[in-house]
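Breakdown of the fold
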Amino acid sequence: MIPANYIGSEEARAAWQVISHGRLSGFLGGELRGGPQVVRLENLWAEKFHVKHAIACNSATSGLLASCMACGMNREMTSPWEVLVPSFTMSATAAVPKFLGARLAFGDCDPVYFQLDDHLWLDWPTRLRGFDAVIVTNLFGHPANLRTIKRLCDNEGVYLIEDNAQGILAKEGSSYAGTVGDIGVFSLNVHKSIHAGEGGMCVTDDAGLAERLRRCINHGELAGAADVGLNLRMTEYTAAIAIEQLAKLERITALNIEQARAISHIARRWEWLTPPAERRGASHVYYCWAAKADRRALDRDLLVKALAAEGYPFVAGYADPLYRLPAFGQAAAKCPVAERLHDEEMVLFENTLYWLSSKQLMGLEDALIKINHHIKRLQTP
Ligand SMILES: Cc1ncc(COP(=O)(O)O)c(C=O)c1O
């Protein structure tokens, strides 16, 4: 399978131009803005996503850290922040508030779209009361139920931070994912649909949060800020590459969506495989193609092995529900949907990472026909 690669001569030229000038970073400790490439990327990003402020940093993890700090979370709080995070997400979503000394509550995900569970909202006022922040992930490129979550957070005076590392260009109604919460965080790491090796971007419409984000990213203490900042800064050549990638974003996303839909079209034929769903009013950009295998019909792990034997690198599950990881120390937590998805049902294709030719798509169709033929042997004992 060919690894997807949209880094080309445009990125090489842009990076070389920066390198040939010799000024690889334009930041000075304590200043709010970086060098010309970083400033240009931030301006283009703000324009593209219709936000007032875009603040570049060196990873989404750094962006989440700066976001939590900008909202007021820090290790010296007399009473730790209470933060609701999804259990089914990449670890950075929860690692950052944990690192800042917050107490975490892990939310389960819904069994259809795999986002932080809407049913939580039914008795929401009691659930959210006492929380200081919710960090929600737009997982696999599908937006969480952002409007509802934002409204409920606003009712209770709770910050909403969107971990939009996987959801660039996804939409919730007419808004881009990442722009509904108080702050949204994007990733430009090598696995994402556009990337610069590493990199991140925070967006917000709130001028106060924007300034605090900038101070967290670049040693605000030097400019007299009440809290210390860090060095989470983006280099000039990273920004130059990211500018070229941003120009390709629509095209790359359209190809990712087309490929995922082609896989769904093939998978839909089999009642034992449910392709990813798209909520009404939301648009999915298919960072990953995440389907569900019917446990009653066949053993998910054997299905993934059979697909691998045919040359298709599907993955069993996504990530262990985070509370199971020793670092979070909450082994007693329980999110039955996330556990069932990860342990028994989810079949995942890292859609952004591969280019499938039409011949390979036809081959996938044949592989599934073959698997169906042998389905009795793949049945759960
Ligand atoms: C949902 C999610 N959040 C955060 C991150 C962290 O991104 P970065 O590697 O840019 O720090 C990732 C990276 O894969 C992610 O998928």
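Preceding this paragraph is the structure being described.
Criteria and cut-off values
For every chain, the first residue of its written sequence is number 1, and the numbers climb from 1 along that sequence. Reporting of local features is limited, given that this is a predicted model, to residues whose pLDDT is at least 70; pairs of side-chain atoms are given and counted only at 80 or more, and all residues count toward the totals for whole chains, interfaces and linings. For the side-chain quantities, the full set of heavy atoms in the structure was used; hydrogens and water were omitted. Per the convention used, a helix needs a DSSP run of H or I reaching at least four residues, while a strand needs a run of E reaching at least two, with both numbered from the N terminus. Throughout, the radius of gyration refers to the C-alpha atoms, and the reference size of a globule is 2.2 Å times the residue count to the power 0.38. For every residue, the accessible area (1.4 Å probe, protein chains only) is compared with the maximum for its type, and the residue is labelled buried under 20%, exposed over 50%, or partly exposed between those bounds. Here a residue-residue contact requires only that any non-hydrogen atoms of the pair lie within 4.5 Å. Accessibility throughout is a Shrake-Rupley quantity obtained with a 1.4 Å probe, and a residue counts as covered only by protein chains that appear here. Only four residue types enter the charge count: Lys and Arg as positive, Asp and Glu as negative, with His and the chain ends excluded. Charged groups are reduced to one reference atom each: NZ for lysine, CZ for arginine, CG for aspartic acid, CD for glutamic acid. We call a residue near a molecule or strand as soon as one heavy atom of that residue lies within 4 Å of the molecule or strand. Pairs of N or O atoms within 3.5 Å make up the polar contacts considered here, provided that, within protein, one atom can donate a hydrogen while the other can accept it, and that residues adjacent in sequence are counted only when both atoms are side-chain atoms. Each residue is assigned to one class: nonpolar for Ala, Val, Leu, Ile, Met, Phe, Trp, Tyr, Cys and Pro, charged for Asp, Glu, Lys and Arg, and polar for all the others, Gly among them. Remark: nonpolar core denotes a set of buried residues (Ala, Val, Leu, Ile, Met, Phe, Trp, Tyr, Cys) joined through side-chain atoms within 4.5 Å. Two strands make a pair as long as DSSP finds a minimum of two bridges between them. Axes, fitted as lines to C-alpha atoms, cover a helix only where it is in contact. Angles between the N-to-C directions of the axes lie from 0 to 180 degrees. Salt bridge, as used here, is a side-chain nitrogen of Lys or Arg placed within 4 Å of a carboxyl oxygen of Asp or Glu. By definition, the crossover connecting two strands over a helix is right-handed if that path, from the first strand to the second, turns clockwise as seen with the strands pointing away from the viewer.

1. Notes on the overall build of the protein
- Regarding its fold elements, the protein presents 11 helices and 16 strands.
- For the protein, the C-alpha radius of gyration of 21 Å lies close to 21 Å, the compact-globule estimate for 381 residues.
- Going through the 381 residues of the protein one by one, you find that 55% of them count as buried.
- A fraction of 72% describes how many contacts in the protein between residues 6 or more apart in sequence connect residues 24 or more apart.
- Accessible surface for the protein amounts to roughly 16600 Å². Of this, 53% is attributable to carbon and sulfur atoms.
- Both charge centroids of the protein, one from 39 positive and one from 43 negative side chains, sit 3 Å from each other.

2. Quick word on the site of the ligand
- Surrounding the ligand, one finds 14 residues, the nearest of these being Thr-61, Asp-163, Ser-187, Asn-189 and Lys-192.
- Between the ligand and Thr-61, the relevant distance is 2.5 Å, taken from an oxygen atom to a side-chain nitrogen or oxygen of the residue.
- In this structure, an oxygen atom belonging to the ligand sits 2.7 Å away from a side-chain N or O atom of Ser-187.
- For the ligand, whose accessible area on its own is 400 Å², the fraction buried by protein is 91%.
- In the shell around the ligand, the residues fall into four nonpolar, eight polar and two charged.

3. Remarks on the nonpolar core
- Within the largest apolar cluster, 76 residues are counted, with the highest numbers of intra-cluster contacts made by Trp-45, Phe-49 and Trp-272.
- Among the elements that line this core, the one with the most residues is helix H8 (residues 236-267), at 12 residues.
- The residues contacting Phe-49, other than those within four sequence positions of it, are Ile-168, Leu-169, Tyr-176, Thr-179, Phe-186, Leu-246 and Leu-249.
- Counting residues in each nonpolar core, the second largest holds 52 residues, with Ala-66, Cys-68, Val-85 and Leu-232 among its members.

4. Description of helix H10 (residues 336-345)
- Of the positions making up H10, those classed as buried are Val-337, Ala-338, Glu-339, Leu-341, His-342 and Glu-345.
- Considering only its buried residues, H10 is in contact with strand S13 (289-293), helix H9 (300-309) and strand S15 (346-349).

5. Here we look at unusual backbone geometry
- Of note in this structure, Phe-114 is not a glycine but carries a positive phi near 70 degrees.
- You can see Phe-114 is positioned in the loop between strand S4 (103-107) and helix H5 (124-128).
- Of note in the backbone geometry, His-219 takes a positive phi value of approximately 45 degrees without being a glycine.
- As for its placement among the helices and strands, His-219 is situated in the loop between helix H7 (207-217) and H8.

6. Thoughts on the sheet that holds strand S2 (residues 53-57)
- With respect to topology, seven strands assemble into an open sheet ordered S2-S10-S9-S6-S5-S3-S4, the strand pairing being mixed. Every interior strand has two partners, whereas the edge strands, S2 and S4, have only one. On average, adjacent strands in this sheet sit at an angle of 20 degrees to one another, irrespective of strand direction.
- Pairing analysis gives five bridges linking strand S3 (residues 82-86) to S4, with the strands arranged parallel. Within the sheet, the bridge partner assigned to Glu-82 lies in S4 and is Arg-103.
- On the sheet, helix H4 (residues 92-99) packs against S3, S4, strand S5 (133-137) and strand S6 (159-163) and is oriented at approximately 165 degrees with respect to S3.

7. Notes on the sheet that holds S15
- Across the sheet, four strands lie side by side as S11-S13-S15-S14; this open sheet has antiparallel pairing. At either end of the open sheet lies a strand with only one pairing partner, and these are strand S11 (273-274) and strand S14 (315-316).
- For S11 and S13, the ladder comprises two bridges, and the chain directions are antiparallel. In the sheet register, Thr-274 faces S13, and the bridge partner there is Lys-292.

8. Some thoughts on the pattern of salt bridges
- All chains considered together, the criterion is met by 22 salt bridges.
- Note that Lys-248 is salt-bridged to Glu-10, the shortest N-O span being 3.1 Å. In this pair, Lys-248 sits in helix H8 while Glu-10 sits in helix H1 (residues 9-21), placing the two residues 238 residues apart along the sequence.
- For Glu-10, a relative accessible area of 32% translates into the label partly exposed.
- Because the salt bridges share partners, they merge into one network encompassing Asp-320, Arg-324, Lys-334, Glu-339 and Asp-343.

9. A closer look at the pairing of S6
- With four of five residues buried, S6 lies mostly within the body of the structure.
- Pairing of S5 with S6 involves five bridges; the strand directions are parallel. Each residue of the ladder has a partner; that of Ile-135, found in S6, is Ile-161.
- As a crossover connection, the stretch from S5 through helix H6 (residues 146-156) into S6 is right-handed.

10. Digging into the environment of Ser-59
- Relative to the helices and strands, Ser-59 resides in the loop between S2 and helix H3 (60-71).
- Its relative accessible area of 17% is what places Ser-59 among the buried residues.
- As a C-alpha pair, Ser-59 and Phe-349 span 290 residues in sequence and 24 Å in three-dimensional space.
- Once residues lying within four places of it in the same chain are set aside, the contact partners of Ser-59 are Gly-199 and Gly-200.
- Only 3.3 Å separates the side chain of Ser-59 from the backbone nitrogen of Thr-61, close enough to count as a polar contact.
- Polar side-chain contacts of Ser-59 include one of 2.9 Å to the backbone nitrogen of Ser-62.

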